[in-house]
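The primary structure of each chain is shown beneath.
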Amino acid sequence: MRRTIWAKVLPIATIGIAYVPAIVFVGVVALVPSDELEANFLPSYGEYYGFIIAAIMIFVALVAPEVLCTDRRTGMLGVYLSSPLDRDSYLAAKAAAIVGVLSLVCLGPPLLMLIANVLQSTGPDGVGDIALTFARVLVAGSVLTLLFTGVTMGVASLTDRKSVASAGIILLFLVSIMVSGILMDATDGDGAGVLSVTVLALDLAARVQGESSSPLEGASSALVWGAWAAWTVGGFALARYRLHRLPVTR
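Residues numbered from 1 in each chain as written. Predicted model: local features only at pLDDT ≥ 70, side-chain atom pairs only at ≥ 80, totals over all residues. Heavy atoms only, no water.

## Quick look at the pattern of salt bridges
- Scanning the entire structure with this criterion turns up five salt bridges.
- For D160, the salt bridge goes to R73, with nearest N and O atoms at 3.9 Å. One end of the pair, D160, is in the loop between α6 (127-156) and α7 (162-187); the other, R73, is in helix α2 (residues 45-74), and 87 residues separate them in sequence.
- The exposure class assigned to D160 is partly exposed, which follows from its relative accessible area of 29%.
- D203 is the salt-bridge partner of R207, the closest N and O atoms lying 2.4 Å from each other. Pair noted here: R207 and D203 are both in helix α8 (residues 197-208), with a separation of four residues, about one helical turn. (Salt bridge = Lys/Arg side-chain N within 4 Å of Asp/Glu carboxyl O. Helix = DSSP H or I, 4+ residues; strand = E, 2+ residues; numbered from the N terminus. Buried < 20%, exposed > 50% of the residue type's maximum accessible area, 1.4 Å probe, protein only.)

Shown next as structure tokens:
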């Protein structure tokens, strides 16, 4: 309630941006007859993340610093830990809060597209196909949510300044994209792409959906999922390490 106006407007605006492509595609499907739509006009559920990955990057850079850094700067962390709440429980609660918020942009838009496609009879056909597509959308959104939660919590745990944490998260995304792109060109392979959080996220979304064209289609599934585990678990581990070493006055 006492956050600044920008702390409220920017995340809400970013959430809206993440839903705009889905709303546009749904509107086109509802208004334009199917025989007049160009082939492959509608993106697949995995490809949709390519339209909103920038919004996701901005959103996650705002969420984790707001959740973690504020308590340290205001002294609320000491108040929390003066109760029976221990550090691991505090971190788990914060992670759950971030996961819940990030699911709005990582899971919500593809689900909206799925529901609209089913209602418009342009999506999966049959109960079994609908259930399979729903499961894949749910898994893809959950995988990306956990990935971004772990990475951003790890970065945000390094400082108590929200602006620094947000800048560090964006810098990590951009630098990892550049480094992975250079290494991919140098090695003429897709394996180095797992060094980029955003490229890895786009690839995972396509793989979970069973799509043949993914950003890292030349990389093995073992490498891709291993990189997902390393980024995710590494971020959570860093956040836990920093929190346990942080001196707190109760």
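## With respect to the packing of α6 against helix α9 (residues 221-245)
- The N-to-C vectors of α6 and α9 enclose an angle of 40°; their axes lie 7 Å apart at closest approach. Here α6 is positioned oblique relative to α9, judged by the angle of their axes. Crossing handedness for the pair α6 and α9: left-handed. Touching V143, L146, L147, T149, G150, V151, M153 and G154 of α6 are W225, W228, W231, T232, G235, F236, L238 and A239, all from α9.
- Partitioning the contact of α6 with α9 into residue classes produces 11 nonpolar, five polar and no charged. (Axes fitted to C-alpha atoms, helices over the stretch in contact; angles between N-to-C directions. Parallel < 35°, antiparallel > 145°, perpendicular 65-115°, else oblique. Left-handed = near helix turned anticlockwise from the far one by under 90°. Contact = heavy atoms within 4.5 Å. Nonpolar A, V, L, I, M, F, W, Y, C, P; charged D, E, K, R; others polar.)

All quantities given are derived from atomic positions and should not be read as evidence of function.
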